[in-house]
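Descriptive structure summary
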Amino acid sequence: MQLNIFKDYQTLSLHAAEAIVETVKSKPTAVLCFATGDTPRLAYELAAKKAINEKVDFTLCTFIGLDEWVGIPEQNTGSCRFFLENLVFQPLLIEPARIHLFDAMSADLDRECRKMDEAIAETGGIDLMIVGVGLNGHIGFNEPGVSPELYAHVINLDNITLSTGQKYFSGATALKQGITLGLKQVLQSKKLILMASGTKKAKVIQKALEEPINNDMPAGIIRTHPQGQAMIDEDAAALLHLQSTAPASE
Ligand code: F6R
């Protein structure tokens, strides 16, 4: 695993944005899978700006959804779809045909999962996956204890996820389950970047990166990925004994 510790959120976001744009420069038909949430928000904004300024065309890329809140309609400003539409798809002019997101309102969620598994298989695999980490160590909605063998699935959300998840919604919102790619698909992505920022993530980052790997800490999977890169800021690294690895971080 490569570990890059950046001095602050802005610098972390700049470097993550660069990694995104470089991926598409070297492979214009890249298959991309992006987490939503507060952590990668600025990286996506900067990536879109950089792509526009440098005329890097994302319109041949395919986008795969990482996860979604079950029962939350797409127009809801807290949905993962709404986030990606605004920060990624609209600025980069991505056509709907190139976007595969979970329909979390579907009456047949199992079918949604199989459709997603097939969509990924048809693309030939995800080239770059960007994930965040929950306070409980989840990635996507792979909650502690989940089997690393799962593909897309529906999962009952952990209490921590249910309460922290409220921050994305404009009013109190009933949340219960998530629909998510499985850890198998996280591990199968060709390149995996895990981002974390802020002191509130320091404890979970220390556990994920330094404690023995087990199913109770899904984010630990970053260490088993052959192209895994943890990109974090100094606040999130506050409890780590590990040092930043090459290339040198700022
Ligand atoms: C959301 C997702 C989640 C978040 C995680 C961290 O699509 O995959 O796993 O990445 O909950 O969220 P933030 O970045 O808001 O702290």
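The structure presented is a predicted model; accordingly, all values stated were derived computationally and were not measured.

So, how was this worked out
- Residues numbered from 1 in each chain as written.
- Predicted model: local features only at pLDDT ≥ 70, side-chain atom pairs only at ≥ 80, totals over all residues.
- Heavy atoms only, no water.
- 1 Å grid on protein atoms, 1.4 Å probe; cavity = no way out; pocket = protein on both sides within 12 Å on 5 of 7 lines; lining within 4 Å.
- Points joined across faces, edges and corners; volume = space filled by probe spheres on them.
- Helix = DSSP H or I, 4+ residues; strand = E, 2+ residues; numbered from the N terminus.
- Nonpolar A, V, L, I, M, F, W, Y, C, P; charged D, E, K, R; others polar.
- Pairing = 2+ DSSP bridges.
- Buried < 20%, exposed > 50% of the residue type's maximum accessible area, 1.4 Å probe, protein only.
- Right-handed = clockwise from strand over helix to strand, strands pointing away.
- Core = buried A, V, L, I, M, F, W, Y, C linked by side-chain atoms within 4.5 Å.
- Contact = heavy atoms within 4.5 Å.
- Expected span 1.5 Å × (residues − 1).
- Near = heavy atom within 4 Å.
- Polar contact = N/O pair within 3.5 Å; in protein donor to acceptor, adjacent residues only side chain to side chain.
- Sits in = over half its atoms within 2 Å of the grid points.

Computed from the structure, the largest pocket encloses a volume of approximately 480 Å³. Looking at the largest pocket, it is lined by 29 residues, and the ones nearest its centre are Val133, Gly134, His138, Lys167 and Tyr168. Residue assignment for the lining of the largest pocket shows that the elements contributing at least two residues are α2 (38–53), β4 (67–69) and α5 (159–164). Residue composition of the lining of the largest pocket, by class: 12 nonpolar, 12 polar and 5 charged.

With that settled, consider the sheet that holds strand β9 (residues 191–196). One open sheet accounts for 7 strands, arranged β1-β10-β9-β6-β2-β3-β5; its pairing is parallel. Among the strands making up the open sheet, the edge pair consists of β1 (2–6) and β5 (99–100). Across 5 bridges, β9 lies against strand β10 (residues 228–233) in parallel orientation. Counted as the bridge partner of Ala196 is Ile232 from β10.

This part is about the pairing of β10. For β10, the tally of buried residues reaches 6 of 6 residues, placing the bulk of the element in the interior. Examined bridge by bridge, β1 and β10 share 5 bridges and lie parallel to one another. Bridged to Phe6 within β10 is Asp233. Regarding the hand of the β-α-β motif, the stretch spanning β9, helix α7 (residues 202–210) and β10 is right-handed.

Further remarks concern the nonpolar core. Phe34, Phe58 and Leu181 are the most contacted members of the largest nonpolar core, which has 85 residues in total. Looking at this core, the element that brings in the most residues is α2, giving 7 residues. What Phe58 contacts, discounting residues up to four positions off in sequence, is Ile20, Val21, Val24, Leu32, Ala51, Phe63, Leu92 and Ile94.

Moving on: helix α1 (residues 9–26). Counting along an α-helix, one turn takes 3.6 residues, and residues three or four places apart therefore face a common direction. Helix length check: α1, at 18 residues, gives a terminal C-alpha distance of 26 Å against a target of 26 Å (1.5 Å per residue), a fit within 8%. Looking only at α1, the buried set comprises Thr11, Leu12, Ser13, Ala16, Ala17, Ile20, Val21, Thr23 and Val24. Tucked into the core, α1 has its buried residues touching β1, β2 (31–34), α2, β6 (128–131), β9 and β10.

Around the ligand lies a shell of 15 residues, among which Thr39, Asp67, His138, Tyr168 and Lys201 are the nearest. In the model, an oxygen atom of the ligand is placed 2.8 Å from a nitrogen or oxygen of the Gly140 main chain. Interatomic distance of 2.7 Å between a side-chain N/O atom of Lys201 and an oxygen atom of the ligand. Structurally, the ligand is housed in the largest pocket. Class assignment for the residues of the shell around the ligand results in 4 nonpolar, 7 polar and 4 charged.

This next bit is on the side chain of Ser79. With respect to the secondary-structure elements, Ser79 resides in the loop between β4 and α3 (80–89). Judged by its relative accessible area of 1%, Ser79 is buried. Looking at Ser79, its side chain comes within polar contact range of the main-chain oxygen of Glu74, at 3.1 Å. For Ser79, the contacting residues outside a window of four places in its chain are Glu68, Trp69, Ile72, Pro73, Glu74 and Phe169.

Without other data, these values stay purely geometric and don't point to any function.
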